[in-house]
Amino acid sequence: MKVMQIMPEFGLAGAEIMCENLTIELVKKGIDVVVVSLYDYHSAITDRLEKQNIKIYYLNKKSGLDLSMIKKLYRLFKEEKPEVIHTHRYVMQYAIPAAVLARVKKRIHTVHNIATKETTEMAQKLNWIFYHYFHVTPVALSKEIQSTVIDRYHLSHQNVPVIYNGINLKKCIVKESYKINGKLRFLHIGRFSEAKNHLMLVEAFSKVHKKNPNTELVLIGSGELEVEIKKKTLEIGLLDSVIFAGLKENVYPDLNAADVFILPSLYEGMPMTLIEAMGTGLPVIATNVGGIPSMIQNGENGLLININVDDLTVAMLQLMDPQIRGTIGINARKTAENIFSADVMSNQYYKAYS
C-alpha cells in the first residue's frame with residue numbers, strides 16, 4: 001500500500017505533529033508513505049521526516065487561493081500512484097479534484113477541530129460536496145468532534161469513524177516525583193491566539209500567585225497575541241513570575257520539569273500537547289470543550305473545568321497538593337499508554353485505509 005499524506009505546511013502545531021507521528025508509525029509497519037507540503041516551508045518536523053528517508057514534496061504554493069495546486073497534485077498522483085490520499089486541514093479543495101482526475105479511489109480526511117471551526121464557511125460547502133458525492137471519508141478525533149461533523153454535513157455515524165490522536169510515548173520523560181523543587185511551575189504550550197485563551201490563564205494565575213507567591217507560569221509558543229499577553233502581565237505586576245519561553249522544537253524536558261499542565265482553550269480538537277502532558281505523567285487542567293472530555297475523566301486523570309477564571313483558579317489551587325498531583329498524574333500516564341499511543345493510532349488508520 002502507498003499512502004500520501006497532504007498538509008498545507010509543517011509548522012510546529014498539533015495537526016502537523018499528529019501527521020508526523022502517523023507517518024513514522026506507518027513506515028515502521030512497512031507501508032510506503034509519501035508526504036506533501038503545499039508550501040515550500042521547512043521545519044523541525046520536515047527535518048525529522050527527511051532524516052528518516054521519508055520523501056517530501058514541496059509544491060511552492062502562493063498565498064491565498066492557488067488553483068495551480070490542483071494541477072501539481074494531479075501530476076504528483078499520476079507519478080507516485082498512491083492507493084490512498086490522506087488530507088489534513090484545508091487541502092481538500094485542491095487534493096480531491098486532483099484525486100478524482102487521477103482516479104485515486106481511497107480518500108481520507110482527518111477533521112482536526114470541531115467542524116464549524118476547522119475551515120472557512122466556503123470551504124465547508126466544498127467539504128459537504130466532497131463527503132456526499134466524491135467518496136471522502138472524514139475521520140473525527142473524538143466522539144464530540146464526530147457529532148459536530150455529523151451535524152454540519154448531515155452524515156451518518158458509520159460514515160464518520162473516530163480515531164484518537166497518538167504519540168510516541170518513548171519520547172516522553174516520565175515524571176518520577178511530584179515534590180516541588182523550588183517554585184511550583186504551571187505550564188501552557190500553544191499558539192498565542194484567541195482560541196488558546198491566554199488572558200483567562202494569566203488572570204487565574206494572578207489570583208493563585210497572590211495566595212502562593214512560590215509559583216510561576218511558563219508559556220511556550222508564539223503568535224499574534226503574544227505582545228498583548230506580555231502587556232497584560234506587566235499591568236498586573238506578574239512579569240517576573242510569567243516566563244515567555246518562545247517556540248520550542250522539543251517540549252518534553254519542559255513537560256517533565258513542570259508540575260501542572262493547563263489548557264484553558266475556548267475550543268479544541270484533540271490537542272497533541274495534552275496527550276504529551278498525559279504521557280509525561282503530568283497532572284492536567286483543561287476546559288470542557290471539543291474532544292477534551294473524551295480524554296479526561298474529571299478528578300481521575302485530570303481536572304475538567306468550565307471556561308471561567310474562578311473555575312481555573314480553584315483547580316490550580318487544588319493541584320497545590322502533591323498527593324492529588326501524583327494520583328492524577330499517574331492515572332494520566334496510564335490513559336496515554338492505553339489509548340493515545342501512536343502505535344494504536346496507526347493501526348486504526350491502516351484499517352481505515354484498507
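Located above this text is the structure these notes cover.
### Comments concerning the pairing of strand S7 (residues 184-189)
Line of reasoning, step 1. In terms of burial, S7 is a largely internal element, five of the six residues being buried.
Line of reasoning, step 2. As paired strands, S7 and strand S8 (residues 215-220) are joined by six bridges and run parallel to one another. Bridge pairing in S8 links Leu184 to Thr215.
Line of reasoning, step 3. Read from S7 through helix H8 (residues 198-211) to S8, the crossover connection turns out right-handed.
Line of reasoning, step 4. Where S7 lies against strand S10 (residues 260-263), two bridges are found, and the strand directions are parallel. Paired with Phe186 across the strands is Val260, a residue of S10.

### Some thoughts on the pattern of salt bridges
Line of reasoning, step 1. Per the stated rule, a full pass over the model turns up 16 salt bridges.
Line of reasoning, step 2. As a salt-bridge pair, Glu25 and Lys28 come within 3.2 Å of each other at their nearest N and O atoms. Of this pair, Glu25 and Lys28 are both found in helix H1 (residues 14-28), three residues apart, which corresponds to roughly one turn of the helix.
Line of reasoning, step 3. What makes Lys28 exposed here is its relative accessible area of 57%.
Line of reasoning, step 4. One salt bridge in this structure joins Lys207 and Asp310, with 3.2 Å as the shortest N-O distance. With Lys207 in helix H8 and Asp310 in helix H13 (residues 309-318), this pair connects stretches of sequence that are 103 residues apart.

### Overview of the sheet that holds strand S3 (residues 56-58)
Line of reasoning, step 1. Spatially, the six strands line up as an open sheet ordered S3-S2-S1-S4-S5-S6, and their pairing is parallel. The open sheet has two free edges, formed respectively by S3 and strand S6 (136-140), since each of these has just one partner strand. In this sheet, neighbouring strand axes are inclined to one another by 20° on average, regardless of whether the strands run parallel or antiparallel.
Line of reasoning, step 2. Running over the sheet, helix H3 (residues 68-80) touches strand S1 (2-7), strand S2 (32-37), S3 and strand S4 (84-88) and is turned about 160° from S1.
Line of reasoning, step 3. Along the sheet, helix H4 (residues 92-102) contacts S1, S4, strand S5 (106-111) and S6; its crossing angle with S4, the most-contacted strand, is approximately 165°.

### Notes on empty space enclosed by the protein
The rolling of a water-molecule-sized probe over the atoms marks out the regions of remaining empty space.
Line of reasoning, step 1. Applying the stated criterion to the full structure yields one cavity of 30 Å³ or more.
Line of reasoning, step 2. Lining the largest cavity are Arg89, Tyr90, Met92, Gln93, Thr119, Ala123 and Asn127.
Line of reasoning, step 3. Residue assignment for the lining of the largest cavity shows that the elements contributing at least two residues are H4 and helix H6 (121-133).
Line of reasoning, step 4. Considered class by class, the residues forming the lining of the largest cavity number three nonpolar, three polar and one charged.

### A short note on unusual backbone geometry
Line of reasoning, step 1. Although it is not a glycine, Asn53 sits at a positive phi angle of roughly 60°.
Line of reasoning, step 2. By secondary structure assignment, the location of Asn53 is in the loop between helix H2 (44-51) and S3.
Line of reasoning, step 3. Since its relative accessible area comes to 73%, Asn53 is described here as exposed.
Line of reasoning, step 4. With a phi close to 55°, Lys81 is a non-glycine residue in the positive phi region.

What counts and how
Residues numbered from 1 in each chain as written. Predicted model: local features only at pLDDT ≥ 70, side-chain atom pairs only at ≥ 80, totals over all residues. Heavy atoms only, no water. Buried < 20%, exposed > 50% of the residue type's maximum accessible area, 1.4 Å probe, protein only. Helix = DSSP H or I, 4+ residues; strand = E, 2+ residues; numbered from the N terminus. Pairing = 2+ DSSP bridges. Right-handed = clockwise from strand over helix to strand, strands pointing away. Salt bridge = Lys/Arg side-chain N within 4 Å of Asp/Glu carboxyl O. Axes fitted to C-alpha atoms, helices over the stretch in contact; angles between N-to-C directions. Contact = heavy atoms within 4.5 Å. 1 Å grid on protein atoms, 1.4 Å probe; cavity = no way out; pocket = protein on both sides within 12 Å on 5 of 7 lines; lining within 4 Å. Points joined across faces, edges and corners; volume = space filled by probe spheres on them. Nonpolar A, V, L, I, M, F, W, Y, C, P; charged D, E, K, R; others polar.

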